[in-house]
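# Summary of structural features
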Amino acid sequence: MTTAETTAGATLPAPAASEPSRWKKIKEGLSFFSRSKVALAGLILVGFWVLIALFADNCLITPRCYVGMVQGDDITQWATSEEYQSWLSRYSPVEQFRGRNREGPSADHWLGTDTRGRDIWARLAHGSRSILTLAPISVIVALIVGGTLGLAAGYFGGLIDEVMMRILDAIISFPQILLYLVIIAALGASATNVVLAITIAGAPGIARLVRGLALDIKTRDYIAAAQTRGESPWYIMFVEILPNARGPIIIDSMLRMGYAVFSIGTLGFLGLGLPPPSPDWGSIVQAGRSAIQAGRPWEALWGSIAIAMVVVGLNLIADGLAEESQRYR
Amino acid sequence: MNRELEKQQQPVVTVEDLGIAYETRAGDIHAVRDVSFEIYRGETLGIVGESGCGKSTVAFGMVNYLGRNGKIAKGNIYFQGQSLVGRTPEELRTLRGDQIAMVYQDPMTSLNPVLRIGAQMMEVLTVHRGVSKEEARERCIEMLGKVNMPDPDRVMERYPHQISGGQQQRVIIATAMLNNPALLIMDEPTTALDVTVEAAVLDLVDNLRREFDTAIMFISHNLGVVARVCDRVAVMYAGEVVELAPVRDIFANPQHPYTQGLIRCVPKIGRSKSSSVLYPIRGRVPSPKNLPPGCVFEPRCDYAREACRTQKITFRPIEQNHSVRCLFAEEIDPAAWTPSEDLMPQTLQAIPAEEREPILQVDSLKTYYKHASSSPLSLIGLGPKEYVKAVDDVSFTAMKSLTLGVVGESGCGKSTLIKTIIGLEDVTGGKVDFMGFDLKGSVNTRDMSTIRELQMVFQNPNATMNPSYSVGNQLERPLRRFKVVPKNQIRSEVIRLLRAVKLDEYYYNRLPNQLSGGEKQRIGIARAFAGRPDLVLCDEPVSALDVSVQAAVLNLLSEIQQEYGTTMMFIAHDLSVVRFFSDYIAVMYLGKIVEIGPAEAIYAPPYHPYTESLLAAVPIPDPTIQQEHVRLSGNVPSPLNPPSGCRFHTRCPRRHLLPNDGKICETEEPPLRDAGDYHQIYCHIPLEQLREFEPVFEVPAEGR
Amino acid sequence: MLVRDYMLKHPIMIEPHKRLPEAQKLMVENNIYYLPVVGDGKRLLGMITPPRLAIPPERLASLDVWEITRYLSGLTVEKVMLKSAELFTIGPNATLEEAAECMIRNKTGGLPVIENNVVIGLITDGDLLIELRDVLGAFEPGWRITVRVPSSRDELLLLTRTIADNGWVIMALGNVRAPKQPDHWDIVLKVWGCTRDELMKAITNLEGHEVRDVRETLAYSYVNAAT
């Protein structure tokens, strides 16, 4: 069979577009950024922090320093150990420079130092790691949960839809921040619980979006064709409907990623983020807050700018995607 | 030489060498090139052509409504002697408002859903002209009367969604005529309407043209519609006008090979597939990005010669009033045309009546939808239950290896009927017997062998395939599911299926968005036939396709049916297509079958009065055929609360034939009248009287 | 025979702010003599006729080329048109005679047709001439006969009955008081279905009927004469 295929393929005037190679697909994906200036700006903003997160130190080689792996007093010990080397961050995030607290930017400390004399740049660089892993993870979990609920509600309709959507509506009706507070306060502050909080708060929104898309797509003829083949509902939901809803879902999750970064920052600010010595962006702003009136706004300023950069960057990418998908509609 | 002609001397619109281009990233795309025509006062110029040939672009170009990236690249448009090209938007707006009006396909795009119809119509007069409210109201009511709107006073108080589509279109036309425009551009004004409504709207267009001396540019893809209302016809192909002639000449003596091809691929009314063949035009319309260097039609033309490939063809007159864009128009004799090898008609063996055996027996089938009543109690589920009786007490038999056509206006329940049979809707009552199996309940509850025997071909080519998967992938799925062939032969079976629907092997890896509508529909057919079903239900499989593609798909369907001996149920709203394709035909009205019988019997008396009015409304692509003038009044009643007795009694034009003006129709269900040979009519009028009806049209003699 | 049915619907019109050369071009290219000037919603503001296009020399400071150009470039339709106040118009329900009378009395050849203050058409002396020609049956084949009859009540009846009794057809008919003979009428008939001799015989039999002129017309004779 394969031989027949190849010879036929060679003789027939098969157009080039029939089987795009992997490289071509990647190239097409990248060319999107060159077409959309907005998305390119977003990519630069987010990409900057992704680079910093990857190469802040040698963790890529000695992966002991991921979020939550080194805790408490260990972190100080470990940061000064032989094993540890700072790359882009220049210093360890926990190293305290005596007598140099609350300084402004200088050649030694690019962004200045905080109350305890730690280098703000190093702390932001390491903080980006937790935020850039937690945000996508929480969005993906929310997507899985919300997407499944939304698909089922949209496809089955009727009572299932009614009950499910009312419950989700009830969750949406709580202020998000209150939800976070309740969940984190009840379960304690940890990376897992942050993910959990964001999932619970974000899933209803995703479910609504996916339900709407499913309601639309299930009226298409190809769904009826699948039904007349006697396909199971789960096959239809995940194989026939879901891939056709991917456009809006991807755009939405980009935006959601921005909100997640925001939420993680907020949680940190409220002291509900990652426990203290770990360099969390929200807690950096929180710690710097009291120093603003003392004329040393650096810590709060840099922390806020970092959060803003990532949020704005993700929003810009989402905008670019939305624009692009509309153009081809 | 008469008065009309003398007054017409100045055309209302003259289009000269018009070229319209769209700017894209890849450079300008010339969607319309070198189009010239003029329209005189009181004349209707029809513009026909398949989709994507630039008909609407010309219309939008005339009012400079081309969007941000469109522009008039060349040529000029003179309206009442003044050039429209290069006007400021402000000037064009006043012109458009006062002297040029447009009517679009979808009436809802031009009506504001939150304003009452009266307010929308009066606005035209009060805002620009400063006419007083009372006077404006009076004039609007008068104009609604002129477009035959029943009860204009009350329509003025309604919202657009409260009136039917046909009435909406009338409101749009009335609004357009309020300003007494010199030019009316109608872009497929009847495409979204049912035949009976369409016929009424076309009559209206013709009357208005006479009364107001308006020049009308009428765009349509339907040759029948054009034949009915137009004085002259311009045939467009790939952005160029290829032929322009008076309507009779276009149909009786077409000179361009494309026009000839178009006329050949439309089924003639009253012809069946056993007595005539449709000849599709091979190939497809070239995209404006990628035009052939010479004649645009050359790649699809049977008469193409070397000269056609190299030079651009000019649009030249060959007779008075008859111009054509073809080098060899005089040499081509359409009568001497013979189809090329692959289009030769295959002989269809008719199955003799005694060998016909039933495969599907439907016995008083009912499908009701629950409908939430407007009472507040229904919010909590306590309100009175109301049902939409989409299919109500329908019985018929489908014969093995033959085609049963189902016709009727939209909302008559024909789609619901086949969806119920296939199991996409739940059966409310009655019995469906399929080869001894009792089909009840939805598709989930049926076993795999029954599912496999019943398949469906869908209407909308753009929705029939899942855009996320390749063609091969989607054809493999039913093969795997129904275990038609062993696993290792699936790929070769897919390729065999592709070849069966006349597609090449390389379509295997194509994604649906790389295919044309006709190709998608072929894949849809291949998918339906993949499980080798016994009964295929076709829900308007060709109504969304262009005529040339439609012919090819119809041929393909009948070929496959012949090969597999499949039984089909075929829904279409186009009566010529149904007649062409079907052996038996059922006519439905409001959820009931009013007439059923062999196809040729349906199209000749005795008729059910409803069938008669349907036939009188069919637009026939031949201006020489005289059709009887029967028009239905009123709207299709709501299936929520159907009329008592005979459901057709509210609109029946033949009721007066019965004693007491048809009192009996309002109270009693019509009896079944058997005209023999399985031809049944449900009507109170006795068969003898039905037989005396004049035929709606003379069916031309059989043969080419 | 009302203006409504014989006027030109959708006449070419112009807006007041257009420059004069544009109006001139429109009139020359389309070969028209009456150009109604309309504002928003086709309300009549005035009309341009060929005399209005001439430049009155006293308006110019000098006959210098530059001066003329300057003057022309500033000239809009609004400035030269006959204002609607000085303009004669007619309603669509007026008779053709009324339209003719209005034109004769006011020495004009074109009347805008107004309904609800909106221009719905234009009727010109040309339209009236076309009607005169058609009323007299110019394009109908047959015998055109002019008969002078005394002014009495039943002469027309007599004449038409004679023709009807013979089974001939009257294609057109005109009836007018004879010039310079106020007690006689001239009747012009277009009769079809007979020979000249039959016709002459039948009419000369009638007392007091004087055949002034007989000639045959064919359907296309006028078309040929025109070309």
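Being a predicted model, the structure only gives us computed values, none of them experimental.

### Some details on the sheet that holds strand β24 (residues 680-682) of chain B
One key point about sheets: their strands pair by backbone hydrogen bonds, in either a parallel or an antiparallel sense. All names here are of chain B. On the basis of which strands lie adjacent, the open sheet formed by 8 strands has the order β18-β19-β20-β15-β21-β22-β24-β23 and mixed pairing. Lying at the two open borders of the sheet, with one neighbouring strand each, are β18 (454-457) and β23 (672-674). Neighbour-to-neighbour, the strand axes of this sheet turn through a mean angle of 20 degrees, independent of strand direction. Inspection of the sheet shows strand β19 (residues 535-539) paired to strand β20 (residues 567-571) by 5 bridges, in the parallel sense. Its bridge partner lying in β20, Cys538 is registered against Phe570. Of the strands in this sheet, β18, β19 and β20 touch helix α17 (residues 517-530), which is tilted by about 180 degrees from β18.

### Regarding the domain arrangement of chain C
Split by domain assignment, chain C resolves into domain 1 (3-132) and domain 2 (136-225). For domain 1 of chain C and domain 2 of chain C, the distance between their C-alpha centres works out to 40 Å.

### Observations regarding the interface of chain A and chain B
Opposite the 30 residues of chain A that make contact, chain B presents 32 residues. Taken together, both faces of the contact between chain A and chain B bury some 2,500 Å²; the carbon and sulfur share is 55%. If you sort the residues of chain A by the area they bury against chain B, Asp221(A), Thr228(A) and Arg229(A) come out on top, with a joint share of 27%. With a closest N to O distance of 2.8 Å, Arg477(B) and Glu231(A) form a salt bridge. Here chain A is connected to chain B by 14 residue pairs in polar contact (both at pLDDT 80 or more). Taken together, the elements giving at least two residues each to the side of chain A that touches chain B come down to α1 (2-11), α9 (221-228), α10 (233-241) and α13 (298-327) of chain A.

### Details of the confidence of the model for chain C
The pLDDT averaged across chain C works out to 84; a share of 93% of its residues lies at or above 70. At the low end of the mean pLDDT range in chain C sits helix α10 (residues 221-226) of chain C, at 48; at the high end sits helix α6 (residues 96-106) of chain C, at 92.

### Some points on a nonpolar patch on the surface
All names here are of chain A. Together, Phe174, Ile177, Leu178, Leu181, Val182, Phe269 and Leu270 line one region of the surface with nonpolar side chains, adding up to about 570 Å² of accessible area. Here the element with the most residues in the nonpolar patch is helix α7 (residues 176-187); it accounts for 4 residues. According to the relative accessible area criterion, Phe174 is partly exposed, its value standing at 47%.

### Description of the confidence of the model for chain A
Residues and elements named next belong to chain A. In this model, chain A carries a mean pLDDT of 81, and residues with pLDDT of at least 70 account for 84%. Here α1 is the element of chain A with the lowest mean pLDDT, 33, and α10 is the one with the highest, 92. Throughout residues 1-19 the model reports pLDDT below 50, and contacts reaching past four residues in sequence, or to other chains, amount to 17 contacts.

### What to know about helix α16 (residues 490-500) of chain B
All names here are of chain B. The set of residues buried in α16 consists of Ile490, Glu493, Val494, Ile495, Leu497 and Leu498. Each element contacted by the buried residues of α16 is listed here: α15 (471-482) and α17. Count one or two residues on from α16 and you reach Lys502, which has phi positive near 65 degrees.

### Structural notes on the side chain of Asp539(B)
All names here are of chain B. Among the structural elements, Asp539 can be located in strand β19. The charged side chain of Asp539 is buried without a salt bridge, its nearest counter-charge being Lys419 at 5.1 Å. A polar contact of 3.3 Å, which involves the side chain of Asp539, links it to the side chain of Ser415. Ignoring anything within four residues of it in the chain, the contact list for Asp539 reads Ser415, Ile418, Met456, Val457, Phe458, Gln459 and Ile571.

### Focus on the interface of chain C and chain B
Chain C puts 29 residues into the contact, and the matching count from chain B is 28 residues. Broken down residue by residue, the surface that chain C buries against chain B is led by Lys9(C), His10(C) and Lys42(C), which jointly contribute 26%. Scanning the region where chain C abuts chain B turns up 0 salt bridges. Among the secondary structure elements, those contributing two or more residues to the side of chain C that touches chain B are β1 (8-9), α2 (20-30), β6 (118-124) and α7 (125-135) of chain C. It is α7(C) that provides the largest number of residues to the side of chain C that touches chain B, a total of 5 residues.

### Section: empty space enclosed by the protein
By rolling a water-sized probe across the atoms, one finds the places where empty space is left. Taken as a whole and judged by the stated rule, the model has 10 cavities of 30 Å³ or more. Put simply, the second largest cavity is a space of about 90 Å³.

### Details of the environment of Ala322(A)
Residue and element names in this part refer to chain A. The residue Ala322 is located in helix α13 in this model. Among the residues examined, Ala322 registers a relative accessible area of 23% and is labelled partly exposed. Measuring from C-alpha to C-alpha, the distance between Ala322 and Trp281 comes to 29 Å, with 41 residues separating the pair along the chain.

### Looking at the packing of aromatic side chains
For the structure shown, the criterion picks out 20 aromatic pairs over all chains. Aromatic side chains Tyr610(B) and Phe648(B) sit 5.0 Å apart centroid to centroid with 70 degrees between the ring planes, which places their arrangement in the edge-to-face category. With Tyr610(B) in helix α21 (residues 609-617) and Phe648(B) in the loop between α21 and α22 (663-667), this residue pair connects regions lying 38 residues apart in the sequence. Judged on exposure class, the residue Tyr610(B) and its partner Phe648(B) are both buried. Through successive ring pairs, a cluster of aromatic residues spans Phe48(A), Trp49(A), Trp110(A), Trp121(A) and Trp281(A). Positioned above the aromatic ring of Phe328(B), the side-chain terminus of Arg305(B) is 3.9 Å from the ring centre. Between the NZ or CZ atom of Arg579(B) and the centre of the ring of Tyr603(B), over which it lies, the distance is 5.7 Å.

Thresholds, definitions, all that
Residues numbered from 1 in each chain as written. Chains lettered and ligands numbered in written order. Predicted model: local features only at pLDDT ≥ 70, side-chain atom pairs only at ≥ 80, totals over all residues. Heavy atoms only, no water. Pairing = 2+ DSSP bridges. Helix = DSSP H or I, 4+ residues; strand = E, 2+ residues; numbered from the N terminus. Axes fitted to C-alpha atoms, helices over the stretch in contact; angles between N-to-C directions. Contact = heavy atoms within 4.5 Å. Domains from an automatic or database assignment. Buried area = accessible area lost by both parts, 1.4 Å probe. Salt bridge = Lys/Arg side-chain N within 4 Å of Asp/Glu carboxyl O. Polar contact = N/O pair within 3.5 Å; in protein donor to acceptor, adjacent residues only side chain to side chain. pLDDT = per-residue confidence, 0-100. Patch = residues over 30% accessible without salt bridge, like charges linked within 9 Å, V, L, I, M, F, W, Y side chains within 5 Å. Areas by Shrake-Rupley, 256 points an atom, 1.4 Å probe, with all protein chains shown as cover. Buried < 20%, exposed > 50% of the residue type's maximum accessible area, 1.4 Å probe, protein only. Lys, Arg positive; Asp, Glu negative; His and termini not counted. 1 Å grid on protein atoms, 1.4 Å probe; cavity = no way out; pocket = protein on both sides within 12 Å on 5 of 7 lines; lining within 4 Å. Points joined across faces, edges and corners; volume = space filled by probe spheres on them. Phe/Tyr/Trp six-rings, centres within 6.5 Å; stacked < 30°, edge-to-face > 60°. Lys NZ or Arg CZ within 6 Å of the ring centre and 35° of its normal.

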